[in-house]
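Here is how the chains run, residue by residue.
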2 protein chains.
Amino acid sequence: CWGGREYWCGLESRGAEVGLPPAPSLFPPQIAKEVTKLLEMKARLGGDEGKHKFVLKTPKGTRDYSPKQMAIRERVFNAIITCFKRHGAEVIDTPVFELKETLTGKYGEDSKLIYDLKDQGGELLSLRYDLTVPFARYLAMNKITNIKRYHIAKVYRRDNPAMTRGRYREFYQCDFDIAGQFDPMIPDAECLKIVHEILSDLQLGDFLIKVNDRRILDGMFAVCGVPDSKFRTICSTVDKLDKVRAGALGCNLIVLGLQVFGQLWGLDLIERLLQDPKLSQNKLAKEGLGDMKLLFEYLTLIGIERIFSILEQRVEASEEKIRTTETQVLVASAQKKLLEERLKLISELWDAGIKAEVLYKKNPKLLSQLQYCEDTGIPLVAIVGEQELKDGVVKLRVVATREEVNVRRESLVEEIRMRTSRP
Amino acid sequence: CWGGREYWCGLESRGAEVGLPPAPSLFPPQIAKEVTKLLEMKARLGGDEGKHKFVLKTPKGTRDYSPKQMAIRERVFNAIITCFKRHGAEVIDTPVFELKETLTGKYGEDSKLIYDLKDQGGELLSLRYDLTVPFARYLAMNKITNIKRYHIAKVYRRDNPAMTRGRYREFYQCDFDIAGQFDPMIPDAECLKIVHEILSDLQLGDFLIKVNDRRILDGMFAVCGVPDSKFRTICSTVDKLDKVRAGALGCNLIVLGLQVFGQLWGLDLIERLLQDPKLSQNKLAKEGLGDMKLLFEYLTLIGIERIFSILEQRVEASEEKIRTTETQVLVASAQKKLLEERLKLISELWDAGIKAEVLYKKNPKLLSQLQYCEDTGIPLVAIVGEQELKDGVVKLRVVATREEVNVRRESLVEEIRMRTSRP
């Protein structure tokens, strides 16, 4: 759809067409065309039963982020990134896919969950499964041994997650790593601080940070007579035990392992384990317990996607009104024929850095302009009218209280800043 | 590598493991293991000539973003997002891949450039080729007709771009679209303003915004007797003409089309075209020229990846020192045995929202601590020593000037804020 009535316009940046005219085949009117095309195709194919049915959907295990969900996502990322920056971390990014061979042999039986790209000639590629292997590849490639970096990006796993619990096939990971030559436990203390700062900042309520050391569990297995080759398999079994309960396996050590997983490490527990006649003989376990005693060898942060869905549910429950824009003021007019005056004023506001909107109508009704503010949560309306223009003022209306004041045009920006600055 | 000497610790968030112990197979020590594994594999395979050679690299046409490149990327995105928000835009996000059928028949001959995923059972998927079709799918799916949104994300094209000119197979697009029922040209005026604001803000020097209307070109083709079926092909040919020069094709109208592409629209040019006896008879061309006369039907923003590489080159040239962290102060100690005092002080600073770092050494030399600031561009050093602790002060050193002042501990935060606040 086209022309005056239904209407599209937009900006599109493409690395491929710098300073060249846009490829006509990609003009934004295409968007309108595509929408129609897709809906028609759906209508046409939707009907015919039996064979292939055309569905308008995102791929299994993925979702769009609506403006509302993006607002929540931004809130969470801001808390996290602010914290990482406060701790002087750098940030890196890597491609969404890697050479297949880079991922090969890194994930054991989980490798079946890797998304491979189709062989269309050239290199064999796979979507990243986590941010750890790409980070390792980055370090090896650039011979970096010393870095404190965070990396926030989507990763891809072809499993069957419970979407309702905030789990997807495309989901965010949010890694923070400190690598280098240090005296032990100092970076760990900082990691612990970071987790605590972020979770507190997000106000998710009480939280429990579980910590562990792989070598302790390995030591237990060794003492238990488990062959090295079986470690990883059993580890992931134990990992699942939290859900399936211990009794299922008849091995005391595994049950002990489970209890260890199940509770927060404390000096008393470490002491108890160090007193275990068998375990204390095991080099790995002893190392692990030693470092654990010194403090934590590793920390894991609560799943970021999970945090999204907790907050999304809370927002639903509380009926809290999430704003999807940050607009401070709507530039409105009381009478007709004031479009140019509205555009003139909003330009002044934009140039002063004020976040402002205007309705794209020649002669919008004042009521519909006020209604727009109610709907979108814009707190202020700057109203221009014949009289105000004569007097060199603008009528500033506070949407919530309906209070109206005339503000001299030259002090409007200051007034808006003052009224919209966070207390 | 492990334990005391070479050292790793980190946070990793995974939707899959909320509140559960981390999967042992994914512990960050893995990173160190993987780095070694990859380097060994490279050493082993790198040598054997003849068949398959293992290379440590990113896939063809992709790149990592180093902390330095990320700093530039952040600077550019901040300018753009700040502007979009100032104009009251919402933001959405979509999955990196779509159902293959959603992309089918949208890109004509360019379809061969689409990355397909391997059929591993389940749905057939492709990586997004642009943000336009996913946006169309999003609108159609949610029956949205009215939205002002931006979308900044990576898209994927299997062509052979000139990487040196800031073109990749994985590259960013940065779309801004206004859709809905409006009086014509008002949103276009805003788009023009936005482009101007962003390009000015980024200080890329003088710029020329090229504008066009597809219908005018289509009209020219129609008048030229080109069958509709050939339009798209010829369009992309004309699109390429900017490079290959016009003469190559013997059609005056195409050359005219090229000239039109080649220069900024002005009323005089529009008038000239409207006077063209043939063209003025063509409905499409007339509509297009009419709207063009009223203002612009569509604007295109300079390629975002291109902007990255321009700025990256400029930074190289100017030897401007790009900081990759925002750290305001390093907490240092003059004598040994002050680790706990350093950690105590830095916690106070973190809690006050100050961006601070500390070296992960029990007893670092003061010189090496100052050197670290020189290298990373940290402007201030807060030095704790026996005497300062007795006197309840901290010695604050300005790295650039080497000036040192004793600051009472309770006013340290204020002093740091004051000294690091932008003028």
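Structure shown above.
This section reports on the structure supplied with the text. (Residues numbered from 1 in each chain as written. Chains lettered and ligands numbered in written order. Predicted model: local features only at pLDDT ≥ 70, side-chain atom pairs only at ≥ 80, totals over all residues. Heavy atoms only, no water.)

Notes on the overall build of chain A
In step 1: Of the regular secondary structure elements, chain A holds 15 helices and eleven strands.
In step 2: For chain A, the residues scored as buried account for 56% of the 423 residues in total.
In step 3: In chain A, of all internal contacts separated by at least 6 residues, the share reaching a separation of at least 24 is 63%.
In step 4: Here chain A displays about 18500 Å² of accessible surface, and carbon together with sulfur accounts for 55% of that area. (Helix = DSSP H or I, 4+ residues; strand = E, 2+ residues; numbered from the N terminus. Buried < 20%, exposed > 50% of the residue type's maximum accessible area, 1.4 Å probe, protein only. Contact = heavy atoms within 4.5 Å. Areas by Shrake-Rupley, 256 points an atom, 1.4 Å probe, with all protein chains shown as cover.)

Considerations on the nonpolar core
In step 1: Judged by nonpolar contacts, the single largest core of 50 residues is most densely connected at Phe84(A), Phe176(A), Phe84(B) and Phe176(B).
In step 2: Of all the secondary structure elements, the ones that give two or more residues to this core are helix H2 (67–86), strand S5 (147–156), strand S6 (170–181) and helix H5 (186–201) of chain A together with helix H2 (67–86), strand S5 (147–156), strand S6 (170–181) and helix H5 (186–201) of chain B. (Core = buried A, V, L, I, M, F, W, Y, C linked by side-chain atoms within 4.5 Å.)

Topic: helix H15 (residues 412–420) of chain A
Residue and element names in this part refer to chain A.
In step 1: Looking at H15, one finds that the buried residues are Leu 412, Val 413, Glu 415, Ile 416 and Thr 420. Looking straight down H15, one finds that the buried residues subtend no more than 165° of arc, so they occupy a single side.
In step 2: Those residues of H15 that are buried lie in contact with strand S7 (329–333), helix H12 (339–351), strand S9 (380–384), strand S10 (393–398) and strand S11 (404–408). (Arc of directions from axis to C-beta.)

Some thoughts on unusual backbone geometry
Residue and element names in this part refer to chain A.
In step 1: Unlike most non-glycine residues, Lys 143 shows phi in positive territory, near 50°.
In step 2: Within the secondary structure, Lys 143 sits in the loop between helix H4 (132–142) and S5.
In step 3: With phi around 60°, Lys 337 is a residue other than glycine that occupies positive phi space.
In step 4: In this fold, Lys 337 is placed in the loop between S7 and H12.
In step 5: The class for Lys 337 is exposed, based on a relative accessible area of 75%.

Some details on the pattern of salt bridges
Residues and elements named next belong to chain A.
In step 1: Summed over the entire model, instances satisfying the criterion amount to 40 salt bridges over all chains.
In step 2: The partner of Glu 326 in a salt bridge is Lys 355, with the nearest N and O atoms 2.9 Å apart. With Glu 326 in the loop between helix H11 (304–318) and S7 and Lys 355 in the loop between H12 and strand S8 (356–357), this pair connects stretches of sequence that are 29 residues apart.
In step 3: By relative accessible area, Glu 326 is classed as partly exposed at 34%. (Salt bridge = Lys/Arg side-chain N within 4 Å of Asp/Glu carboxyl O.)

Here we look at the packing of aromatic side chains
In step 1: Going through the model one piece at a time under the given rule, you end up with 14 aromatic pairs over all chains.
In step 2: Ring centres of Phe97(A) and Tyr156(B) lie 5.7 Å apart, and the angle between their planes is 55°; this geometry places the pair in the tilted category. Of the two residues, Phe97(A) sits in strand S3 (residues 97–99) while Tyr156(B) sits in strand S5, which places them in two different chains.
In step 3: Here Phe97(A) falls in the buried class, since its relative accessible area comes to 0%.
In step 4: Residues Tyr107(A) and Tyr129(A) carry aromatic rings whose centres are separated by 4.4 Å and whose planes lie at 45° to one another, so their mutual orientation is tilted. Residue Tyr107(A) is found in the loop between helix H3 (100–103) and strand S4 (125–127), and its partner Tyr129(A) is found in the loop between S4 and H4; the two are separated by 22 residues along the sequence.
In step 5: The class of Tyr107(A) is buried, set by a relative accessible area of 4%.
In step 6: Through a chain of ring-to-ring contacts, the aromatic side chains of Tyr65(A), Phe77(A) and Tyr172(A) assemble into a single cluster.
In step 7: Residue placement shows Arg157(B) over the ring face of Tyr129(B); its charged tip is 4.1 Å from the ring centre. (Phe/Tyr/Trp six-rings, centres within 6.5 Å; stacked < 30°, edge-to-face > 60°. Lys NZ or Arg CZ within 6 Å of the ring centre and 35° of its normal.)

Structural notes on the sheet that holds S9(A)
Residues and elements named next belong to chain A.
In step 1: Taken in spatial order, the five strands line up as S8-S7-S9-S10-S11 in an open sheet, and their pairing is mixed. Since the sheet does not close on itself, it has two edges, and those belong to S8 and S11, each with one partner.
In step 2: In this sheet, S11 lies alongside S10 in antiparallel orientation, the contact comprising five bridges. Bridge pairing in S11 links Lys 395 to Asn 406.
In step 3: Against the sheet, helix H13 (residues 366–376) engages S7, S8, S9 and S10, with an angle of about 175° to S7.
In step 4: Together, S7, S9, S10 and S11 form the strand contacts of H15, whose direction differs from that of S10 by roughly 10°. (Pairing = 2+ DSSP bridges. Axes fitted to C-alpha atoms, helices over the stretch in contact; angles between N-to-C directions.)

On their own, these measurements won't tell you what the molecule is for.
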